[in-house]
Amino acid sequence: MVVGVLAFQGDFAEHIAVLHSLHVPALEVRSLEDLAKVDALILPGGESTVISKFLEESGVGKEIRRRALTPLPPLPARTERVRSGGPRGEGEKGKLILYGTCAGAILLSKKGTGKNCPRTLGLIDVTIDRNAYGSQAESFEAKLSVKGLKDKIDTAFIRAPKITKIGREVEVLSSHEGVPVLVRQGNILIGTFHPEVRGNTKIHELFLKMTTE
Amino acid sequence: MLKGGVIMDVVTAKQAKIAEAAGASAVMALERVPSDIRAQGGVARMSDPQLIKDIQKAVSIPVMAKIRIGHTMEARILEALGVDFIDESEVLTPADPFDHVQKSGFNIPFVCGATTLGEAFRRIAEGACMIRTKGEAGTGNVIEAVRHLKLIRGQIAGLKSMSLAQLKSFAKQERVPLELVQDVRKAQRLPVVTFVAGGIATPADAALLMELGAEGVFVGSGIFKSRDPKRMARAIVQATTHYKDPKKVMEVSTGLGAAMVGLEIANLQTKMQERGV
């Protein structure tokens, strides 16, 4: 299994480092050709306006959407792909497994609100408010309990977005002061904080587990 | 999260919008771009807060603004304005001949310029959260930014072969905490994000510096002093992301029109990089 990290802008290098520390093959994704090689994809933090532009221009956004929604192709085609060294081992019904942090969380959400919020890919039933916590100075750190993890983890919220509404299908895995900060719906996980900044691997392990379900 | 992005100098809200639309990951609000400061002379100071407010209103990406080196009160004003980053910058006329701002006393992150590892260490020890090369601003000449990035990276690599006694003497000579030097020796990178600035004028310049290990790019005069700022801005953003793909950099460089007029470093009257080391 290969995990891609969307590398248009943002802290993709930190995510790659976390994946490497877990001995997972990781690939920077900047094009459709790169995307074709991965079974799961992390959308990192960065500026959502910037990343969204790249997603649109390159066609990568459209392809992420298609693969996130499309179940595995019929058996012959799949065998062919496996033989040619293409993607395999995709999780739930063969859909692309996705994890978005911060800006990446905005981009995966159904609806983004707030000033100049870019168009989102609309893959998880969440409404999210961009930069709801204010400017850089309002950034903060927090220790969070996460469903499925034994110990609390250290996280950083940097110009973070805020999840303001979630659909019925969405499961809350962690909250901070009553606001959901890590949620999952099927093959998609989003978090408004940065676990990678502190080199914490737990959320990534949770994400990797999704690929084997 | 600015990494992997391009931060663009803007002097009006209109320019800020152009920068945001082109894919800038932040804008730097200032009164005059470095090449104009160079050409017009006089004392260059922090911008009028009204200009910064207008720019904050116009865009949703982070807004940075510059203060003169050591001018703690200009920093307090920007803090009161709620800018996202303060750049204590050699591009403005220095205010304090002895000290930089004690940045740890602020709740706004600071970015500072550096030409060498020692200088970067001093700024980090004062509380800077981001380092950029100084380069030579307003020249459209990339040689100094390349020099500073290579020097800093080379000196970090050089720490590996130093004995404890040598590390101690380096820390003493550079007037920086030994612990910081030891941490960087071990991690083989600065503990803060490292961008490049000063003289970047083309998509190829930006890609060159990314290739050399920069984590992002500041472009000052290079965009709004070029013939077609919108296209130049977009092209530099693309080149910064796709620096590993020369074909892509070639495509965005094609038919861009004239870049800003460049200056030879040897003919400069003022070397901004020598301010506040």
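Rules used in this analysis
- Residues numbered from 1 in each chain as written.
- Chains lettered and ligands numbered in written order.
- Predicted model: local features only at pLDDT ≥ 70, side-chain atom pairs only at ≥ 80, totals over all residues.
- Heavy atoms only, no water.
- Helix = DSSP H or I, 4+ residues; strand = E, 2+ residues; numbered from the N terminus.
- Buried < 20%, exposed > 50% of the residue type's maximum accessible area, 1.4 Å probe, protein only.
- Contact = heavy atoms within 4.5 Å.
- Areas by Shrake-Rupley, 256 points an atom, 1.4 Å probe, with all protein chains shown as cover.
- Pairing = 2+ DSSP bridges.
- Axes fitted to C-alpha atoms, helices over the stretch in contact; angles between N-to-C directions.
- Arc of directions from axis to C-beta.
- Buried area = accessible area lost by both parts, 1.4 Å probe.
- Salt bridge = Lys/Arg side-chain N within 4 Å of Asp/Glu carboxyl O.
- Right-handed = clockwise from strand over helix to strand, strands pointing away.
- Core = buried A, V, L, I, M, F, W, Y, C linked by side-chain atoms within 4.5 Å.
- Polar contact = N/O pair within 3.5 Å; in protein donor to acceptor, adjacent residues only side chain to side chain.

Draft legend 1. Focus on the overall build of chain A. Looking only at helices and strands, chain A has seven helices and twelve strands in total. In chain A, buried positions account for 56% of the 213 residues. Long-range pairs, those at least 24 residues apart, make up 64% of the contacts in chain A between residues at least 6 apart in sequence. Counting every atom, chain A has about 9000 Å² of accessible surface; 52% of that belongs to carbon and sulfur.

Draft legend 2. Broad picture of the sheet that holds strand β3 (residues 63-68) of chain B. Residue and element names in this part refer to chain B. Taken together, the eight strands give an open sheet; going across it, the order is β7-β6-β5-β4-β3-β2-β1-β8, and neighbouring strands pair in parallel fashion. Lying at the two open borders of the sheet, with one neighbouring strand each, are β7 (193-195) and β8 (217-219). On average, each strand axis in the sheet is tilted by 30 degrees relative to the strand beside it, whichever way the strands run. The pairing of strand β4 (residues 85-89) with strand β5 (residues 110-114) spans three bridges and is classified as parallel. Directly across from I86, in β5, lies its bridge partner F110. Contacting β1 (6-10) and β2 (26-29), helix α1 (residues 13-22) runs over the sheet at an angle of about 160 degrees to β1. Strand contacts of helix α4 (residues 72-81): β3, β4 and β5, with the helix running at about 160 degrees to β3, the strand carrying the most contacts.

Draft legend 3. Local environment of helix α8 (residues 178-187) of chain B. Residues and elements named next belong to chain B. Buried residues of α8: L180, V181 and V184, and no others. In a view along the axis of α8, the buried residues occupy a sector of 100 degrees, so they form one face of it. In α8, the exposed positions angled more than 90 degrees off the buried face are occupied by E179 and K186. Elements that come into contact with the buried residues of α8 comprise α5 (117-126), α6 (143-159) and α7 (164-174). Where α8 terminates, the next one or two residues include Q188, which has phi positive at roughly 55 degrees.

Draft legend 4. Spatial organisation of the interface of chain B and chain A. If you look at the interface, chain B gives 31 residues, while chain A gives 27 residues. Of the roughly 2100 Å² buried at the junction of chain B and chain A (both faces included), carbon and sulfur atoms supply 49%. It is B:M1, B:K3 and B:S60 that lose the most area in chain B upon contact with chain A, and together they represent 33% of the buried surface on that side. Linking chain B to chain A there are four salt bridges. As a salt-bridge pair, B:D84 and A:R159 come within 3.0 Å of each other at their nearest N and O atoms.

Draft legend 5. Representation of the pairing of β4(B) in the model. Residue and element names in this part refer to chain B. Among the five residues of β4, five are classified as buried, and the element is accordingly described as predominantly covered. Residues F85, D87 and S89 line one face of β4 and the alternating positions I86 and E88 line the opposite face, and both faces are buried. Bridging between β3 and β4 involves five bridges; their strand directions are parallel. Note that in β4 the partner of R68 across the bridge is S89. Between the parallel pair β3 and β4, the chain is carried across by α4, and the sense of this crossover is right-handed.

Draft legend 6. Examining the nonpolar core more closely. Membership of the largest hydrophobic core comes to 85 residues, with the highest contact counts inside it found for A:L55, A:I64, A:L98, A:L108, A:I190, B:L78 and B:L209. Among the elements that make up this core, the one with the highest residue count is helix α11 (residues 229-241) of chain B (six residues). If near-sequence neighbours (up to four positions away) are discounted, B:L209 is found in contact with B:V142, B:A145, B:V146, B:L149, B:V196, B:I200 and B:A214. Within the second largest apolar cluster, 30 residues are counted, among which are A:V5, A:L19, A:A40 and A:L206.

Draft legend 7. Region of interest: the pattern of salt bridges. The full count for this structure, using the stated rule, is 30 salt bridges over all chains. As a salt-bridge pair, B:R234 and A:E57 come within 3.2 Å of each other at their nearest N and O atoms. Highlighted residues: B:R234 in helix α11 and A:E57 in helix α3 (residues 48-58), drawn from two different chains. Residue classification places B:R234 among the partly exposed residues on the basis of a relative accessible area of 40%. A residue is classified by how much of its surface remains accessible, and A:E57, at 43% relative accessible area, is partly exposed. For B:R189, the salt bridge goes to B:E215, with nearest N and O atoms at 2.8 Å. Taken together, the residues span a long stretch of sequence, with B:R189 in the loop between α8 and β7 and B:E215 in the loop between α9 (203-211) and β8 at a distance of 26 residues. Classification of B:R189 by relative accessible area gives partly exposed; the value is 34%.

Draft legend 8. Here's a closer look at the side chain of B:T139. Residues and elements named next belong to chain B. Relative to the assigned elements, T139 resides in the loop between β6 (130-133) and α6. Judged by relative accessible area, T139 falls into the buried class, the value being 0%. There is a polar contact of 3.1 Å between the side chain of T139 and the backbone nitrogen of N141. Ignoring anything within four residues of it in the chain, the contact list for T139 reads R38, G199, M260, V261, G262, L263, I265 and L268.

Draft legend 9. Quick peek at unusual backbone geometry. Non-glycine residue A:E177 carries a positive phi angle of around 50 degrees. By the secondary structure assignment, A:E177 is in the loop between β10 (171-176) and β11 (179-185). Judged by its relative accessible area of 73%, A:E177 falls in the exposed class. Positive phi outside glycine occurs at B:R175, with the angle close to 60 degrees. Mapped onto the elements, B:R175 comes out in the loop between α7 and α8.

Draft legend 10. Spatial organisation of the pairing of strand β8 (residues 153-157) of chain A. Residues and elements named next belong to chain A. Burial analysis of β8 places four of its five residues in the buried class, the great majority of the element. Strand direction decides the pairing type here: strand β7 (residues 140-144) and β8, joined by five bridges, are antiparallel. When the sheet's bridge partners are listed, E141 is paired in β8 with A156.

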